[in-house]
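Structural characterization, general
Listed below, chain by chain, are the residues.
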Amino acid sequence: MDSLPIEVHGVQPVSAWNGHYHQRMYHPIVASAAETGDLLDARLRAGNAHTAEGAFDFILDLVDRAETALCQIAMVRLDAGFPDDTLLSGLEARGTPYVARLRNNKVLDRMAAPHLKRPRGRPPAEPRIWFHEMTYRARSWSRECRVVLVVLERPGELLLDRFWLITSLDAAAMPAADLLAHYRQGGTAEGTMGELMDVLAPALSSTPRAKRHYRGRRLPTRTSDLDAFARNEALRLLHLLAYQVLHTGRRLMETATQTGWSLRCFRERVLRAGGRIVLHARRATLVIAETAANHWRHLWPRLDRLIRTGT
């Protein structure tokens, strides 16, 4: 789970200035499967919405759908802005495991202080990591939770760095080192968001006004009660669907060629291909440029298999 800033221009309904990002924006919440790069769902929110606003209903509904269609047990990764008592209690009540990063505060700083002394001697060539198991209960929380202090050496840095992870799993089910490795897989999801923003460059409408003309023709009536926010939310979902189509094609090409493909490379080398349509009798033939024909020779049978099997 992560939030994603979408800058807007104009005065769209519910958009607002966000002091953290220093721009007028919408602040959608987005869910993805980090292991595969697939986007699962998104919800558009006001620009000044807190990171965790609406996350409780959004996440629990998504977990129910995921465990019905995709997996037996879904584990949730959360950014530092999401953990609060309502969300964490809701996940634990339904038996959904989670791991999240905690923002530093004065209490956590005091707990970490005894463990931030660098060991004596020259540091080894490879930076070291230390794990410290503890329990922590914020003032607004209803119970104590397992937290892990992760202390890291940074090359060239004199002081040790550290951050906190919180999880519903006990140390026997997932030791601290495995917990960190699992949490770091969320970096793949951040790369997914980066590709989405870079390649598709999603933009939302800059005006709440309805269209007066369509393809050069004046529309007979004008809708006065147009819900511009709902329209932008639908447009946002279309952008995510476009990403998912590109990502599916990219993964098929990776399987076919046994090489890595970026989203931009797949779009430029496979989709943006010249071609012509040849009509003969009752048959229409699409002739693809030779530069992309070999890629489509690998891609098309796999696309056809997906359509036939419905997967």
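Here we summarise the structure given alongside this text.

1. Some thoughts on the sheet that holds strand β9 (residues 129–136)
Taking strand neighbours across the sheet as the criterion, the five strands line up as β7-β8-β11-β10-β9 in an open arrangement whose pairing is mixed. Two strands close off the open sheet at either side, each with one partner strand: β7 (76–78) and β9. Here the average twist between neighbouring strands, direction ignored, is 20°. As judged from the four bridges shared by strand β8 (residues 98–102) and strand β11 (residues 161–167), these two strands associate in the antiparallel manner.

2. Side note on unusual backbone geometry
Of note, Val14 is a non-glycine position whose phi angle comes to about 75°, a positive value. Tracing the backbone through its elements, the reader meets Val14 in the loop between β2 (6–7) and β3 (16–18). The class for Val14 is partly exposed, based on a relative accessible area of 41%. For Gln258, which is not glycine, the phi dihedral falls at a positive 60°. If you trace the backbone, Gln258 turns up in the loop between α6 (228–257) and α7 (263–271).

3. Examining the pairing of strand β14 (residues 275–280)
Of all six residues in β14, zero are buried; the element is thus mostly exposed. Here β14 pairs with strand β15 (residues 283–288) via six bridges, running antiparallel. Note on β15: the bridge partner recorded for Leu279 is Ala284. The antiparallel hairpin formed by β14 and β15 contains two residues in its connecting segment, where Ala281 sits at a positive phi of about 55°.

4. Digging into a nonpolar patch on the surface
A surface patch of nonpolar side chains, about 370 Å² in accessible area, is lined by Ile277, Leu279 and Leu286. Summarising the element assignment, Leu286 is placed in strand β15.

5. Thoughts on the sheet that holds β2
The three strands lie next to each other as β2-β4-β3, forming an open sheet whose pairing is antiparallel. Of all strands in the sheet, those bounded by a partner on one side alone are β2 and β3. Pairing geometry for β3 and strand β4 (residues 23–26), over three bridges, is antiparallel. Bridging from a neighbouring strand, Asn18 pairs with Gln23 of β4.

6. Here we look at helix α2 (residues 85–93)
Of the positions making up α2, those classed as buried are Asp85, Leu87, Leu88, Gly90 and Leu91. Lining the buried residues of α2 we find α1 (55–69), β7, β8 and β11. Trailing α2 by a residue or two, Gly95 shows a phi angle of about 75°, which is positive.

7. Observations regarding the pairing of β4
Inspection of the sheet shows β2 paired to β4 by two bridges, in the antiparallel sense. Considered in β4, the bridge of Glu7 is made with Met25. Taken together, β3 and the strand that follows it, β4, pair antiparallel across an intervening segment of four residues, in which His22 is found at a positive phi of about 60°.

8. Some remarks on the nonpolar core
In summary, soluble globular proteins display a tendency toward joint burial of nonpolar side chains. The biggest cluster of nonpolar side chains holds 34 residues, and the ones touching the most others in it are Met1, Ile59, Leu78, Trp164 and Ile166. Here this core gets six residues from one element, more than from any other, and that element is α1. Counting 25 residues, the second largest nonpolar core, distinct from the first, contains Tyr26, Leu44, Val199 and Leu240.

9. Thoughts on the side chain of Asp41
Tracing the backbone through its elements, the reader meets Asp41 in strand β6 (residues 38–43). Among the polar contacts made by the side chain of Asp41, one reaches the side chain of Arg65 at a distance of 2.6 Å. Apart from residues lying up to four places away in sequence, Asp41 is in contact with Ile29, Val30, Ala31, Phe58, Leu62, Arg65 and Leu237.

10. Quick look at helix α4 (residues 176–184)
In an α-helix, one turn spans 3.6 residues, which is why side chains three or four residues apart end up on the same side. If you check which residues of α4 are buried, you get Ala176, Leu179, Leu180, His182 and Tyr183. Buried residues of α4, viewed axially, fall in a sector of 165°; they line one side. On its buried side, α4 packs onto β7, β8, β9, β10 (145–152), β11 and α5 (186–200).

Reading guide: rules and limits
Residues numbered from 1 in each chain as written. Predicted model: local features only at pLDDT ≥ 70, side-chain atom pairs only at ≥ 80, totals over all residues. Heavy atoms only, no water. Pairing = 2+ DSSP bridges. Helix = DSSP H or I, 4+ residues; strand = E, 2+ residues; numbered from the N terminus. Axes fitted to C-alpha atoms, helices over the stretch in contact; angles between N-to-C directions. Buried < 20%, exposed > 50% of the residue type's maximum accessible area, 1.4 Å probe, protein only. Patch = residues over 30% accessible without salt bridge, like charges linked within 9 Å, V, L, I, M, F, W, Y side chains within 5 Å. Areas by Shrake-Rupley, 256 points an atom, 1.4 Å probe, with all protein chains shown as cover. Salt bridge = Lys/Arg side-chain N within 4 Å of Asp/Glu carboxyl O. Contact = heavy atoms within 4.5 Å. Core = buried A, V, L, I, M, F, W, Y, C linked by side-chain atoms within 4.5 Å. Polar contact = N/O pair within 3.5 Å; in protein donor to acceptor, adjacent residues only side chain to side chain. Arc of directions from axis to C-beta.

Fair warning: the whole summary comes from geometry, so function is off the table for now.
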